[in-house]
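Survey of secondary and tertiary structure
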Amino acid sequence: MENARYLRYFEKIIVGKGIRITPQRRVILNVLFKNRNKHLTVEEIWNQAKNIFPQIGIPTVYRTVIQLEKIGILYKVMVQGNCCKYQLIGCDEKNKHRHFICTRCGSITDIYLPEISMEEQQIEKKYHVKIESQNIIYYGLCAKCIQSIQMAK
Ligand SMILES: [Zn+2]
Ligand SMILES: [Zn+2]
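The rules behind the values
Residues numbered from 1 in each chain as written. Chains lettered and ligands numbered in written order. Predicted model: local features only at pLDDT ≥ 70, side-chain atom pairs only at ≥ 80, totals over all residues. UniProt positions renumbered as here; feature names shortened; annotations may be inferred. Domains from an automatic or database assignment. Contact = placed C-beta atoms within 7 Å. Helix = DSSP H or I, 4+ residues; strand = E, 2+ residues; numbered from the N terminus. Nonpolar A, V, L, I, M, F, W, Y, C, P; charged D, E, K, R; others polar. Core = buried A, V, L, I, M, F, W, Y, C linked by C-beta atoms within 7 Å. Buried ≥ 20, exposed ≤ 12 C-beta atoms within 10 Å, placed from the backbone.

An unreviewed UniProt entry annotates the protein as Fur family transcriptional regulator of Clostridium lapidicellarium. Annotation of the protein in UniProt includes, under Sequence similarities (unreviewed entry), the sentence "Belongs to the Fur family."

Here you go:
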């Protein structure tokens, strides 16, 4: 899918949830889309949004991000020091992922597994629920940290 269609797809979900698409919200969505392979703090989103829409204030970015997370189109990843990073959830199965956070260096790894949707189907069947989004985070040591701990021994 090309970018414009992707963006329209997200805009349709947002409108469907009763949120109006304002120029500011569109800018924020664009920034999130451009950085869909990264995890950004509200401040980082704001910094990029300002380049496109200089009048945009950080409270608007905060509010929008919280709204988008609530309707299930953003991953919210809590990192060290009570900071949150956000990432757009892709619109196809391939983009569905979970997060691994290293408790030593704070790095975030995206975990992609084809089994994720199978697992969700099992949950839906067993508990008679409909999963719309997930935000699962694993904690532990990343490969780099394991290596450096071993080297220090
Ligand atoms: Zn690490
Ligand atoms: Zn991610």
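Still more to cover.
Once that is clear, we can look at the domain arrangement of the protein. Many structure descriptions define interface size as the accessible area lost when the parts assemble. Looking at the protein, the domain boundaries give domain 1 (1–91) and domain 2 (92–153). Computed over C-alpha atoms only, the centres of domain 1 and domain 2 are separated by 21 Å. The partner domain 2 presents 12 residues to the 11 residues of domain 1 that form the contact. Considering every element that reaches the side of domain 1 that touches domain 2, the biggest residue donor is strand S1 (residues 74–79), with 4 residues. For the side of domain 1 that touches domain 2, the class distribution of residues is 5 nonpolar, 4 polar and 2 charged.

This part covers the nonpolar core. In terms of nonpolar packing, the biggest core is built from 21 residues, with Ile28, Ile45, Ala49, Val61, Val65 and Leu74 touching the most fellow members. Considering each element in turn, this core owes the most residues, 5 residues, to helix H2 (residues 23–34). Sequence-distant contacts of valine 65, defined by excluding residues within four places in its chain, comprise Val42, Ile45, Leu74 and Tyr86.

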